Amino acid sequence: MRKMIDIDFGSSRYNELVELRYKILLEPLGLKFLDSFRDKEAGYLHIGCVEQLDDKLVGGLILAPVDNEIIRLMQVAVDTVYQGEGVGRELVKYAENRAREAGYSQIVMHAMLSVVAFYEKIGYRAEGDTFEEQGITFMKMKKDL
C-alpha cells in the first residue's frame, strides 16, 4: 500500500527526494545536482509517494508555479525497483489534484522524449517542436486542469 504526501522544503524527507531525483534523473546523464538550485525550490510544492509498509520514499516530483494560472510539473522520479507499477501515474494524478485545489487551470512540463507517450496516455498534449537542454531532447507538453 502506498500513499501520496506533501513534503516540506528543507525537511529530511525533502533531502530523500533530492537524492532520489539525483539517482534517477541526473546521475544516469552524468549531471550533478547543484545546491544553488535548492533556494529556488523553497516556493515549490514537493510531492512524494511512500511505501506505507516500511515508510520508504519510492517516488516524487515538484510543482513550480509559473503564474496565477499555470503550474509546471518537474523532476518526476520513481525508484527503479517500483517503475512500471503505476507509481508515476499516481504521483501525476495527485499532483494534478493538488494544482487544481490551489486554483491552477493548466499544468505544463518539459518531458524527455522517452516519456512523451506516457504523458500522452494520461491526457497531456505535445506543443511545438522538440528542443535540447544540456544535451537532452525535450518536448513541451501541457494539460488543462
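Description of the structure in this document. Source: prediction; values computed, not measured. (Residues numbered from 1 in each chain as written. Predicted model: local features only at pLDDT ≥ 70, side-chain atom pairs only at ≥ 80, totals over all residues. Heavy atoms only, no water.)

## Quick look at the side chain of H46
At step 1: Among the structural elements, H46 can be located in strand β2 (residues 45-51).
At step 2: A polar contact of 2.9 Å, which involves the side chain of H46, links it to the backbone oxygen of E41.
At step 3: With near-sequence residues (within four places) excluded, H46 lies in contact with I5, D6, I7, F9, Y14, L17, E41, L61 and I62. (Helix = DSSP H or I, 4+ residues; strand = E, 2+ residues; numbered from the N terminus. Polar contact = N/O pair within 3.5 Å; in protein donor to acceptor, adjacent residues only side chain to side chain. Contact = heavy atoms within 4.5 Å.)

## Here we look at the sheet that holds strand β4 (residues 70-78)
At step 1: Taken together, seven strands build an open sheet; the order of strands is β1-β2-β3-β4-β5-β7-β6 and the sheet is mixed. With partners counted over all chains shown, the strands left at the sheet margins are β1 (2-7) and β6 (125-133), one partner each. Strand after strand, the sheet turns through a mean of 25° between neighbouring axes, direction not considered.
At step 2: Of the pairings in the sheet, the one linking β1 to β2 comprises six bridges and is antiparallel in character. (Pairing = 2+ DSSP bridges. Axes fitted to C-alpha atoms, helices over the stretch in contact; angles between N-to-C directions.)

## Some remarks on the pattern of salt bridges
At step 1: In the structure shown here, the tally under the stated rule is twelve salt bridges.
At step 2: Residue E16 is joined to R13 by a salt bridge in which the shortest nitrogen-to-oxygen separation is 3.3 Å. Highlighted residues: E16 and R13, both in helix α1 (residues 12-26), separated by three residues, approximately one helical turn.
At step 3: Of the charged contacts in the structure, one is a salt bridge between R125 and D144, with a shortest N-O distance of 3.5 Å. Of this pair, R125 sits in strand β6 while D144 sits in strand β7 (residues 136-144), and the two are 19 residues apart along the sequence. (Salt bridge = Lys/Arg side-chain N within 4 Å of Asp/Glu carboxyl O.)

## Some details on the side chain of E51
At step 1: By secondary structure assignment, the location of E51 is in strand β2.
At step 2: We classify E51 as buried; its relative accessible area is 12%.
At step 3: A polar atom in the side chain of E51 sits 3.2 Å from the side chain of R2.
At step 4: What E51 contacts, discounting residues up to four positions off in sequence, is M1, R2, K56, V58 and Y82. (Buried < 20%, exposed > 50% of the residue type's maximum accessible area, 1.4 Å probe, protein only.)

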